[in-house]
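A closer look at the structure
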Amino acid sequence: MARTKTKRVTPKELSVTIPTTLNVPPENLKDYCICLFGAKGVGKTSLAAQFKDSLVMMLEPKRRNLSIRQVNIDPMSVKEMNRVTPENTPWKILQAYVNAVLDDKSVQTIVIDTVDRAYGACFNHHCYEKGINHPSDVNDYGATWVAIREDFEETMNKLLYDDRGLVFLSHTHRREVEGQEDEQWIPTCTPSAWNYMKAVCDFALYYGYTSGSRAITIRDDEKVWCACGTENNFLTTDNEPIGQFVTGDSHTEAHKNLTAAFVNKLSSEKILNPVKKKAKSGRK
């Protein structure tokens with residue numbers, strides 16, 4: 001049987017305009033993409049929910065104890081989905097909420113709690129659709145892995161490119177990291193989800209405890225993965241880069257100190273580790 005030749009359409013010449021002005025970074029922290037990860041129970045969700053007009057997409061087991069605006073997306077394993085054959089998988093429900101958020105201007109900050117479970121929902125969805133338990137069950141030269149990664153990134157990018165605040169939450173564990181001599185505290189999400197966050201997040205904040213006090217690490221700590229994507233934020237009143245600062249005992253105080261640190265107005269007694277020399281900015 002003769003193969004039909006596909007007619008190629010000649011694309012029209014694309015006209016573009018070169019900008020003549022510099023990009024102006026947002027002046028409000030809520031307008032950035034943030035990774036906030038740290039110890040379980042330290043208050044990550046409550047802190048992220050303090051951003052103005054926030055919505056938490058809760059993929060963790062249902063949280064009844066938090067007075068926050070949230071939608072609950074119950075997790076399901078591949079085994080459970082095979083048993084109950086759901087009409088919609090958790091991943092499809094999450095994608096429906098993403099599309100709904102894009103049409104709802106009352107939401108200005110979206111919190112993914114957690115990015116671990118969001119990626120896991122995508123992973124389980126693709127395995128369920130293919131009738132497999134794991135991508136390694138099929139010899140497709142990595143096509144399933146690529147489909148999972150692309151679907152996850154495309155879905156998260158809808159939120160990222162909508163120019164609203166986006167906060168990814170994750171827990172933490174110690175792991176050897178390439179290029180580091182010692183282990184680091186890094187997010188518990190999969191390497192694929194972590195690589196995505198490293199590419200898109202303007203700030204990576206480690207939220208933990210120092211000498212019994214809650215604290216956020218933002219710069220220059222070899223034991224912690226963190227990143228500050230701007231040069232003119234998170235500085236002391238003397239314009240020295242902040243490495244770590246205390247957040248206080250409540251989520252409202254934590255948000256107040258975080259935003260004060262961002263605009264370089266945090267009081268010196270709350271700064272635990274000022275960086276004496278200018279830290280390299282940019283995503284790590």
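Quick caveat: nothing in here was measured; it's all calculated off a predicted structure.

So, about the packing of aromatic side chains. For any two aromatic rings, the description comes down to two numbers: the centre-to-centre distance and the angle of the planes. As enumerated under the stated definition, the model contains 14 aromatic pairs in all. Relative to Phe 203, the ring of Tyr 32 lies with its centre 5.2 Å away and its plane at 65°, an arrangement referred to as edge-to-face. Here Tyr 32, found in the segment before β1 (33-38), pairs with Phe 203, found in strand β8 (residues 203-210); they are 171 residues apart in sequence, far enough to count as distant. The same class applies to Tyr 32 as to Phe 203, namely buried. Among the aromatic side chains, those forming a connected cluster through ring pairs are Tyr 32, Phe 203, Phe 234, Phe 245 and Phe 262.

Nonpolar side chains collect at one region of the surface, where Leu 14, Val 16 and Ile 18 lie side by side and expose about 390 Å² of accessible area between them. Position of Ile 18 among the secondary structure elements: in the segment before β1.

Quick look at the packing of helix α4 (residues 115-130) against helix α5 (residues 143-160) now. Axis separation between α4 and α5 bottoms out at 10 Å; the angle between their running directions is 135°. Taken together, the axis directions place α4 and α5 in an arrangement best described as oblique. Note that α4 runs across α5; the crossing there is right-handed. Here α4 contributes Val 115, Ala 118, Tyr 119, Cys 122, Phe 123, His 126 and Lys 130 to the contact with α5, which in turn contributes Thr 144, Trp 145, Ala 147, Ile 148, Asp 151 and Phe 152. Among the residues making up the contact of α4 with α5, the classes are represented as nine nonpolar, two polar and two charged.

The rules behind the values
Residues numbered from 1 in each chain as written. Predicted model: local features only at pLDDT ≥ 70, side-chain atom pairs only at ≥ 80, totals over all residues. Heavy atoms only, no water. Phe/Tyr/Trp six-rings, centres within 6.5 Å; stacked < 30°, edge-to-face > 60°. Helix = DSSP H or I, 4+ residues; strand = E, 2+ residues; numbered from the N terminus. Buried < 20%, exposed > 50% of the residue type's maximum accessible area, 1.4 Å probe, protein only. Patch = residues over 30% accessible without salt bridge, like charges linked within 9 Å, V, L, I, M, F, W, Y side chains within 5 Å. Areas by Shrake-Rupley, 256 points an atom, 1.4 Å probe, with all protein chains shown as cover. Salt bridge = Lys/Arg side-chain N within 4 Å of Asp/Glu carboxyl O. Axes fitted to C-alpha atoms, helices over the stretch in contact; angles between N-to-C directions. Parallel < 35°, antiparallel > 145°, perpendicular 65-115°, else oblique. Left-handed = near helix turned anticlockwise from the far one by under 90°. Contact = heavy atoms within 4.5 Å. Nonpolar A, V, L, I, M, F, W, Y, C, P; charged D, E, K, R; others polar.

Spatial relationships are all this shows, so hold off on functional conclusions.
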